[in-house]
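# What the coordinates show
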Amino acid sequence: MFKAIADVLRSIGGAVATVVTLPFRAVARLFGGVSDSAHGHH
């Protein structure tokens, strides 16, 4: 019983971690592209 609950919590934690880190990765890629284009213009 406890092992099943731990597995569910672990899977939920992994899903939450991916959902939370995805926007940060997208923003980092966006800012990376902006800084690259800014350096290209200058």
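Our subject in this report is the structure included herewith.

So, how was this worked out
- Residues numbered from 1 in each chain as written.
- Predicted model: local features only at pLDDT ≥ 70, side-chain atom pairs only at ≥ 80, totals over all residues.
- Heavy atoms only, no water.
- Helix = DSSP H or I, 4+ residues; strand = E, 2+ residues; numbered from the N terminus.
- Buried < 20%, exposed > 50% of the residue type's maximum accessible area, 1.4 Å probe, protein only.
- Areas by Shrake-Rupley, 256 points an atom, 1.4 Å probe, with all protein chains shown as cover.
- Salt bridge = Lys/Arg side-chain N within 4 Å of Asp/Glu carboxyl O.

Another point: the overall build of the protein chain. Counting its secondary structure elements, the protein chain contains one helix and zero strands. Taken along its principal axes, the extent of the C-alpha atoms in the protein chain is 60 × 10 × 5 Å. The buried share among the 42 residues of the protein chain stands at 0%. Roughly 3,800 Å² of accessible area belongs to the protein chain as shown, and the carbon and sulfur atoms make up 76% of that amount.

Moving on, we come to the environment of F31. Mapped onto the fold, F31 is located in helix α1 (residues 2–41). Residue classification places F31 among the exposed residues on the basis of a relative accessible area of 55%. A C-alpha to C-alpha distance of 18 Å links F31 and V20, two positions eleven residues apart in sequence.

Per the stated rule, a full pass over the model turns up two salt bridges. We note a salt bridge from D7 to K3, for which the minimum N-O separation is 3.4 Å. With D7 and K3 both in helix α1 and four residues apart, the pair spans about one turn of that helix. Judged by relative accessible area, D7 falls into the partly exposed class, the value being 34%. Note that D7 and R10 form a salt bridge whose closest N and O atoms lie 3.0 Å from each other. Note that D7 and R10 are positioned in helix α1 at a spacing of three residues, about one turn of the helix. Taken together, the shared-partner salt bridges in this structure form one network comprising K3, D7 and R10.

By themselves, these figures tell us nothing about what the structure is for.
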